[in-house]
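Examination of the molecular architecture
In case you want the letters, here they are:
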Amino acid sequence: MPDCVRKSFLRGSAASRTSFVIVFATCAFLICCASSAFAASVSTRAKQAEAHLPPFSLSDCLALLDDDPSDVSDYVASHSRAGNERAVLHCEALSDVLSGDFSGGADQLDALAHDAARGAEDDTPDERADVAADAARAWLAADMARKADASASYGLTLAPDSVALRLIRDRALLRLGQSDAALTDLTTLASNPLLASETHLLKATAERETGHIEAARTDIDVTLAATPDDPAALLERGIIRQRLGDLTGARADWDQVISLSPDSHEADLARQDLDILASDPDSASIHTDTAANQPSSGPGQAVSAHP
């Protein structure tokens, strides 16, 4: 209350003070009502404006990630979120991951995967399993294999038959040095036609790391028969060939990796292997960070977690 008003109020009679209080309270009430009405009007206009926006589409939003993840914020702003809140959060988290915030995006994806919003149409176990798979891929990109294992394992509680989630978990196990456990699971998947190329690539890696070199060569040949220009598979075959004493074949594979994908992580590893081979042809490359242990595709770009 202003000082002059306060003094006037104190000097007045009890009746005048009472009248003043009534007037003051009435004014305050009217101001409050006006403020509430203005806020309600703004909210109504905002809802009406959003109602005229085209509906948000997760598939359209994900398509933007291939070109420029920063476009996601503009897409979200120009489309209606109503009824699509989970899908919006999913795409925004993937945008963060692909913009370089791997752990931050992974945290958001994990939270979304665990949040079963009561009554929402898009919180089915399969949908949340997809989100958990994206979280696990993001943790792998952040080089946090233990958290990737946890996310993939949670996803499997939602989609127990998911081949994709099992392969992500096996990647995490390989990164954690648990090659025997990964090989046990991959062996049971070897006859499954779903994601067969990736399965045999990971199985070859697990076999090489556990000393089963001939078996590793058989599995990597299966992968390359299906995907002959896969840099990760060529890198792995080069390692296997080098272990078997086929140095010419190893060099050819690693050179092909660099030719096919010169700016990739696989090419960096191939260059390292070629340098080691040039300096010490009798050395055996020991890979704790092979391309087969990396996410086969970025979060949001891979196959469904429950094919």
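A quick note: this is a predicted structure, and the numbers were derived from the prediction, not measured.

Reading the values: rules and limits
Residues numbered from 1 in each chain as written. Predicted model: local features only at pLDDT ≥ 70, side-chain atom pairs only at ≥ 80, totals over all residues. Heavy atoms only, no water. Axes fitted to C-alpha atoms, helices over the stretch in contact; angles between N-to-C directions. Helix = DSSP H or I, 4+ residues; strand = E, 2+ residues; numbered from the N terminus. Parallel < 35°, antiparallel > 145°, perpendicular 65-115°, else oblique. Left-handed = near helix turned anticlockwise from the far one by under 90°. Contact = heavy atoms within 4.5 Å. Core = buried A, V, L, I, M, F, W, Y, C linked by side-chain atoms within 4.5 Å. Buried < 20%, exposed > 50% of the residue type's maximum accessible area, 1.4 Å probe, protein only. Disulfide = S-S within 2.5 Å. Patch = residues over 30% accessible without salt bridge, like charges linked within 9 Å, V, L, I, M, F, W, Y side chains within 5 Å. Areas by Shrake-Rupley, 256 points an atom, 1.4 Å probe, with all protein chains shown as cover. Salt bridge = Lys/Arg side-chain N within 4 Å of Asp/Glu carboxyl O. Lys, Arg positive; Asp, Glu negative; His and termini not counted. Charge placed at Lys NZ, Arg CZ, Asp CG, Glu CD.

Here we take up the packing of helix H9 (residues 163–175) against helix H10 (residues 179–189). As a packed pair, H9 and H10 sit with axes 8 Å apart at the nearest point and diverge in direction by 155°. For the element pair H9 / H10, the angle class is roughly antiparallel. Here H9 runs over H10; the crossing is left-handed. When H9 is examined against H10, the residues Val163, Arg166, Leu167, Arg169, Asp170, Leu173 and Leu174 are found in contact with a partner set consisting of Ser179, Ala181, Ala182, Asp185, Leu186, Thr188 and Leu189.

Judged by nonpolar contacts, the single largest core of 35 residues is most densely connected at Phe56, Cys61, Val72, Cys91, Leu109, Leu165 and Ile168. Those elements that provide at least two residues to this core are helix H3 (58–67), helix H4 (71–77), helix H5 (85–98), helix H6 (102–114), helix H7 (125–141), helix H8 (145–158) and H9. When residues of this core are assigned to their parent elements, the largest contribution, nine residues, is made by H7. If we skip the residues at most four places from it in the chain, Cys61 touches Phe56, Val72, Tyr75 and Cys91.

A full pass over the atoms with the stated rule returns one disulfide. Cys61 shares a disulfide with Cys91; S-S distance 2.0 Å. Taking the sign of the torsion about the S-S bond as the criterion, the disulfide between Cys61 and Cys91, at about -95°, is left-handed. Taken as a pair, Cys61 in helix H3 and Cys91 in helix H5 lie far apart in primary sequence, 30 residues in all.

Time to look at a negative patch on the surface. On the surface, Asp66, Asp67, Asp68, Asp71 and Asp74 cluster together into a patch of negative charge. Sorting the residues of the negative patch by element identifies H3 and H4 as the ones contributing at least two each. Here Asp74 lies in helix H4. The exposure class assigned to Asp74 is exposed, which follows from its relative accessible area of 54%.

Before going further, it helps to examine the pattern of salt bridges. Once their charged atoms are close, side chains differing in charge can pair, the charge on each being opposite to the other. Per the stated rule, a full pass over the model turns up 14 salt bridges. With a closest N to O distance of 3.8 Å, Arg81 and Glu92 form a salt bridge. Residue Arg81 is located in the loop between H4 and H5, and its partner Glu92 is located in helix H5; the two are separated by 11 residues in the primary sequence. Since its relative accessible area comes to 31%, Arg81 is described here as partly exposed.

As far as function goes, none of this settles anything; it's purely spatial.
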